[in-house]
Amino acid sequence: MEKSLEYDQIRHYHDKGFLSPINVLTRDEIQTFNSEIEAFEKASGQPIDFPYKSRCHQIFSWADTLVHHPKILDAVEDVIGPDILCYHATLWIKPPQSNSFVRWHQDGTYFSLEPAVHVTAWVALTIADDDAGCMQVIPGSHKNEFLEHNDDSNPDNLIPRGQGLAINVNTEHAVSMPLEAGQMSLHHTKLFHASFNNKRDTRRIGFGISYIPTSTKDIGKTKAHALLVRGKDNYNNFLPEKRLIEPHTPEQYEYHLSLMKQFRKRQDEGALFSKAHLD
Ligand SMILES: O=C(O)CCC(=O)C(=O)O
């Protein structure tokens, strides 16, 4: 029984590797979440950056609310089933009039998760249309295996190491996933996707949440934590992550940092592993 998506939408996700747009947030929610980000930036005197913009659900109440949001989880449940872990989450912010970009890539290349069924819910907290540099995808490209990626660091790349597909991606059939604030897209972990300049005078802010079914196996050397956000975990394949209770305490910042270090270590180990296997 579907929770929120129509049968055709679910079929589209599985056939093409993405689904967009899906309405999830109210105006009030959008305003509250953006105000909370701005309040943090005002207090810290600078735009939010790493490590705080990664795994933010371990720091901010707004992000904890989002990773547990019933409308997001209903759609996610329709594509990966009822028992759901949040594996990671990241804020993707493009400054106004910026060259910020993300190279073509597949999300799960270094995640060390099997099978590769993880879905990213990308929630727009501001408008994210073509002018703002919304995501572009190659429909059906999730039917490829994970392909070789390389690093190409560039300060404008939102991914610090600049990881991206080593092949020349044929963009003839690329499509955009424009979103209004409060809408989200879903994309499959193997889907080729990228994004380019923000030509608008306003920031483009999106929150990308990686969800996996509890049955996913962790094949990484360093074991991962993951947060149960819906249903039951009958597999215990991941180290149980604690849900945020009290934000902004020193203990919480320490916990966040330890999870971030573990995630980074896994990504680096995954990069070495995939290089050895694809060379
Ligand atoms: O925010 C973007 O433009 C890219 C996001 C992305 O690559 C992702 O969510 O996997």
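Residues numbered from 1 in each chain as written. Predicted model: local features only at pLDDT ≥ 70, side-chain atom pairs only at ≥ 80, totals over all residues. Heavy atoms only, no water.

## Section: the packing of aromatic side chains
Then comes step 1: Using the criterion set out here, one finds nine aromatic pairs in the structure.
Then comes step 2: Taken together, the aromatic side chains of Phe40, Tyr52, Phe60, Trp62, Phe207 and Tyr253 make up a single cluster linked through ring pairs.
Then comes step 3: For the cation-ring pair, lysine 53 lies above phenylalanine 50, with the distance from its terminal atom to the ring centre recorded as 4.8 Å.
Then comes step 4: One cation-aromatic arrangement involves lysine 190 over phenylalanine 146; the distance from NZ or CZ to the ring centre is 5.4 Å. (Phe/Tyr/Trp six-rings, centres within 6.5 Å; stacked < 30°, edge-to-face > 60°. Lys NZ or Arg CZ within 6 Å of the ring centre and 35° of its normal.)

## What about the site of the ligand?
Then comes step 1: If you check the shell around the ligand, you find Trp92, Val102, His105, Asp107, Thr120, Trp122, Met135, His187, His193, Ser195 and Arg204 and nothing else.
Then comes step 2: Between histidine 105 and the ligand, the recorded distance is 3.1 Å, taken from a side-chain N or O atom to an oxygen atom.
Then comes step 3: A distance of 2.8 Å separates an oxygen atom of the ligand from a polar side-chain atom of aspartate 107.
Then comes step 4: When the free accessible area of the ligand is taken as 300 Å², the share hidden by the protein chains comes to 98%.
Then comes step 5: When contributions to the shell around the ligand are tallied by element, the ones reaching two or more residues are β3 (102-105), β5 (119-124) and β11 (193-195).
Then comes step 6: A breakdown of the residues in the shell around the ligand according to their chemical character gives four nonpolar, five polar and two charged. (Near = heavy atom within 4 Å. Polar contact = N/O pair within 3.5 Å; in protein donor to acceptor, adjacent residues only side chain to side chain. Areas by Shrake-Rupley, 256 points an atom, 1.4 Å probe, with all protein chains shown as cover. Helix = DSSP H or I, 4+ residues; strand = E, 2+ residues; numbered from the N terminus. Nonpolar A, V, L, I, M, F, W, Y, C, P; charged D, E, K, R; others polar.)

## A few points about the sheet that holds strand β10 (residues 183-188)
By way of backbone hydrogen bonds, the strands of a sheet pair with one another, either parallel or antiparallel.
Then comes step 1: Strands sit in the order β1-β10-β5-β12-β2-β14-β15 across an open sheet of seven strands; the sheet is mixed. Edge positions in the sheet fall to β1 (18-23) and β15 (239-240), since each of these pairs with one other strand and no more.
Then comes step 2: Note that β1 and β10 share four bridges and pair antiparallel. By the bridge assignment for β10, phenylalanine 18 is matched with histidine 187.
Then comes step 3: Its contacts with the sheet place helix α4 (residues 70-80) against β1, β2 (84-94), β5, β10, β12 (204-213) and β14 (225-230), and it is angled at close to 45 degrees to β12. (Pairing = 2+ DSSP bridges. Contact = heavy atoms within 4.5 Å. Axes fitted to C-alpha atoms, helices over the stretch in contact; angles between N-to-C directions.)

## Topic: the sheet that holds strand β9 (residues 175-176)
Then comes step 1: Read across the sheet, four strands follow the order β3-β11-β6-β9 without closing on themselves; strand pairing throughout is antiparallel. Each end of this open sheet is capped by a strand with a single partner; those strands are β3 and β9.
Then comes step 2: The sheet contact formed by β3 and β11 spans two bridges and is antiparallel. Directly across from histidine 105, in β11, lies its bridge partner histidine 193.

## Considerations on helix α2 (residues 27-44)
Then comes step 1: Across its 18 residues, α2 extends 26 Å between first and last C-alpha, which sits within 8% of the 26 Å expected from 1.5 Å per residue.
Then comes step 2: The complete set of buried residues in α2 reads Ile30, Phe33, Asn34, Ile37, Phe40 and Glu41. Viewed along the axis of α2, the buried residues span an arc of 115 degrees, placing them on a single side of the element. Residues of α2 that are exposed and point over 90 degrees away from its buried face: Arg27, Asp28, Gln31, Lys42 and Ala43.
Then comes step 3: Downstream of α2 by a residue or two, glycine 45 has a phi angle that is positive, lying close to 75 degrees. (Expected span 1.5 Å × (residues − 1). Buried < 20%, exposed > 50% of the residue type's maximum accessible area, 1.4 Å probe, protein only. Arc of directions from axis to C-beta.)

## With respect to the nonpolar core
Soluble globular proteins tend to bury their nonpolar side chains together.
Then comes step 1: If you look at the biggest cluster of nonpolar residues, it comprises 42 residues, and the most contacted ones within it are Trp62, Ile72, Leu91, Leu186, Phe207 and Tyr211.
Then comes step 2: Sort the elements by how many residues they give to this core and α4 lands first, with six residues. (Core = buried A, V, L, I, M, F, W, Y, C linked by side-chain atoms within 4.5 Å.)

## Observations concerning α4
The periodicity of an α-helix, 3.6 residues per turn, causes residues three or four positions apart to be oriented the same way.
Then comes step 1: The buried count for α4 comes to nine of eleven residues, which makes it a mostly enclosed element.
Then comes step 2: Listed in full, the buried residues belonging to α4 are Ile72, Leu73, Asp74, Ala75, Val76, Glu77, Asp78, Val79 and Ile80.
Then comes step 3: Positive phi appears at glycine 81, one or two residues downstream of α4, with a value of about 95 degrees.

## Notes on empty space enclosed by the protein
Empty space among the atoms becomes apparent when a probe as large as a water molecule is rolled across them.
Then comes step 1: Evaluation of the coordinates by the stated rule reveals three cavities of 30 Å³ or more.
Then comes step 2: Here the largest cavity is characterised by a volume of approximately 540 Å³.
Then comes step 3: If you trace the largest cavity, you find 32 residues lining it, with Thr90, Trp92, His105, Asp107 and Ile159 closest to the centre.
Then comes step 4: Elements with a contribution of two residues or more to the lining of the largest cavity: β2, β3, β5, β11, β12 and α5 (250-278).
Then comes step 5: Grouping the constituent residues of the lining of the largest cavity by class yields 13 nonpolar, 16 polar and three charged.
Then comes step 6: The volume enclosed by the second largest cavity comes to roughly 50 Å³.
Then comes step 7: Around the second largest cavity sit Gly108, Phe111, Leu113, Pro115, Ala116, Val117, His118, Phe146, Thr189, Ile212 and Thr216, which together line it. (1 Å grid on protein atoms, 1.4 Å probe; cavity = no way out; pocket = protein on both sides within 12 Å on 5 of 7 lines; lining within 4 Å. Points joined across faces, edges and corners; volume = space filled by probe spheres on them.)

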